[in-house]
Amino acid sequence: QVQLVESGGGLVQAGGSLRLSCAASGGTFSTYHMGWFRQAPGKERDFVSAISRSGIIRDYSDSVKGRFTISRDNAKNTVYLQMNSLKPEDTAVYYCAARIRSTGLLRATISYDYWGQGTQVTVSS
């Protein structure tokens, strides 16, 4: 079983930045596609960003493209989400996830096998 632990969430003002981290253990990190998802109160869990095993392929939702950057360090078994120019609409619990399958759309929530506990991001206006 793979364990994922997110960190780096907090309270920031609109226009500020945060860097989320997700540390993985219990598996072979470099063989997994990794993704970030978020869920606001009363809403469904939505795709934010994903990165392929080697980091060559990256995908972003339209709402965060140009503001967020996903990256990974396979030597540290860690995936990151750099969030700049934050908006109140970005407020949510952010989850990282790992996927064993190597084919298919990276943004498909149902295709991910392991999930972290989530970290709260709150953006004030």
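Residues numbered from 1 in each chain as written. Predicted model: local features only at pLDDT ≥ 70, side-chain atom pairs only at ≥ 80, totals over all residues. Heavy atoms only, no water.

Undergrad: Mind showing me how you'd approach the sheet that holds strand E8 (residues 78-83) here?
TA: Each strand in a sheet pairs with another by means of backbone hydrogen bonds, the pair being arranged parallel or else antiparallel. Within the open sheet, the four strands sit side by side as E1-E3-E8-E7. Their pairing is antiparallel. Looking along the sheet, the strands with just one partner apiece sit at the ends: strand E1 (3-7) and strand E7 (68-73). Mean inter-strand twist for the sheet, computed between neighbouring axes without regard to direction, equals 15°. Where E1 lies against strand E3 (residues 18-25), five bridges are found, and the strand directions are antiparallel. Across the sheet, the residue bridging to valine 5 is alanine 23, located in E3. (Pairing = 2+ DSSP bridges. Helix = DSSP H or I, 4+ residues; strand = E, 2+ residues; numbered from the N terminus. Axes fitted to C-alpha atoms, helices over the stretch in contact; angles between N-to-C directions.)

Undergrad: Explanation requested: the side chain of threonine 78 in the structure shown.
TA: With respect to the helices and strands, threonine 78 occurs in strand E8. On the basis of relative accessibility, which here comes to 10%, the residue threonine 78 falls in the buried class. At a separation of 2.8 Å, a polar atom in the side chain of threonine 78 contacts the main-chain carbonyl oxygen of lysine 76. (Buried < 20%, exposed > 50% of the residue type's maximum accessible area, 1.4 Å probe, protein only. Polar contact = N/O pair within 3.5 Å; in protein donor to acceptor, adjacent residues only side chain to side chain.)

Undergrad: When you look at the state of the cysteines in this model, what are you seeing that I'm missing?
TA: Disulfides are covalent bonds that connect the sulfur atoms of two cysteines. For the structure shown, the criterion picks out one disulfide. The side chain of cysteine 22 participates in a disulfide bridge whose partner is cysteine 96; the two sulfur atoms lie 1.9 Å from each other. The sign of the S-S torsion, about 45°, decides the handedness of the disulfide formed by cysteine 22 and cysteine 96: right-handed. With cysteine 22 in strand E3 and cysteine 96 in strand E9 (residues 92-99), this residue pair connects regions lying 74 residues apart in the sequence. Judged on exposure class, the residue cysteine 22 and its partner cysteine 96 are both buried. (Disulfide = S-S within 2.5 Å.)

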